[in-house]
Amino acid sequence: MPVSVWGEKTKRDIDRATEKIIRLVSNGDFTYDKQYPDGQRKNDKNERFLQDYIISPKLRDHIVLSLQPTQCCDVQIDELQDIKRNGNLMYIYFYECELNKRGERISDPKHHIVIYIKIEIIKPINGAECCLVISFHDADYPGHPRYEQLPD
């Protein structure tokens, strides 16, 4: 179960983490999560979202590369900190955009969507860091940007 560690962070921490995420994604050191390590299927919110809206892999990557520190609304850590997670931090962003649903014409009005994006920076025992985009789907709840409330 993830636990928020937002209160332990500063603006500088969020700035650095966002810069690192952008650098890792720019370098191709990232992947989109599809399954749990044991091979079981996750909640398919990510898949449903990508099926419901017109989002190409290029657009999805562009959205991740466009993330700003001010869009970060929480930082979590796995409560268990077991061998699967190794205490890696998960950063939650809310990204607003306009998208068409599949089956609609490009000329149809677009839908205002808030995308919930959860990214884990993975620190493998042997190897370079990488990002795992765990969640990329429409938000179930509104994001409350609290970046400006963090200490410098």
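Predicted model, so just to flag it, every value in this text is computed and none were measured.

Colleague: Report on the overall build of the protein chain, specifying residues and quantitative values.
Modeller: The number of helices and strands found in the protein chain is 3 helices and 6 strands. Ordered by position in the sequence, the α and β elements of the protein chain form the string β-α-β-α-α-β-β-β-β. Here the protein chain, with 152 residues, has 39% of them falling under the buried criterion. Taking the contacts inside the protein chain whose residues are at least 6 apart along the sequence as the reference set, 65% of them involve residues at least 24 apart. Of the accessible surface of the protein chain, which amounts to about 9100 Å², a share of 49% is contributed by carbon and sulfur atoms.

Colleague: Which residues make up helix H1 (residues 11-26), and what are the values?
Modeller: Owing to its 3.6 residues per turn, the α-helix brings residues three or four apart onto one side. Its 16 residues give H1 an end-to-end C-alpha distance of 22 Å, which sits within 8% of 22 Å, the value for a rise of 1.5 Å per residue. In this structure, the buried residues of H1 make contact with strand S2 (30-32), helix H3 (57-65), strand S3 (72-78), strand S4 (89-99), strand S5 (111-122) and strand S6 (130-138). Of the residues flanking the end of H1, it is Gly 28, one or two places downstream, whose phi is positive at about 80°.

Colleague: Tell me about the nonpolar core, and name the residues and values.
Modeller: Counting residues in each nonpolar core, the largest one holds 33 residues, and the members touching the most others are Tyr 91, Ile 115, Ile 117 and Phe 136. In terms of residue count, S4 provides more of this core than any other element does, 6 residues in total. Here Phe 136 is in contact with Asn 46, Phe 49, Leu 50, Ile 55, Arg 60, Ile 63, Val 64, Ile 115, Tyr 116 and Ile 117, once residues within four sequence places are set aside.

Colleague: Can you break down the pairing of S5 residue by residue, with the values?
Modeller: Both S4 and S5 contribute to a ladder of 10 bridges, which runs antiparallel. Residue Glu 96 lies in a different strand from S5, and its bridge partner there is Val 114. Across 8 bridges, the pairing between S5 and S6 is antiparallel. Across the sheet, the residue bridging to Tyr 116 is His 137, located in S6.

What counts as what
- Residues numbered from 1 in each chain as written.
- Predicted model: local features only at pLDDT ≥ 70, side-chain atom pairs only at ≥ 80, totals over all residues.
- Heavy atoms only, no water.
- Helix = DSSP H or I, 4+ residues; strand = E, 2+ residues; numbered from the N terminus.
- Buried < 20%, exposed > 50% of the residue type's maximum accessible area, 1.4 Å probe, protein only.
- Contact = heavy atoms within 4.5 Å.
- Areas by Shrake-Rupley, 256 points an atom, 1.4 Å probe, with all protein chains shown as cover.
- Expected span 1.5 Å × (residues − 1).
- Core = buried A, V, L, I, M, F, W, Y, C linked by side-chain atoms within 4.5 Å.
- Pairing = 2+ DSSP bridges.

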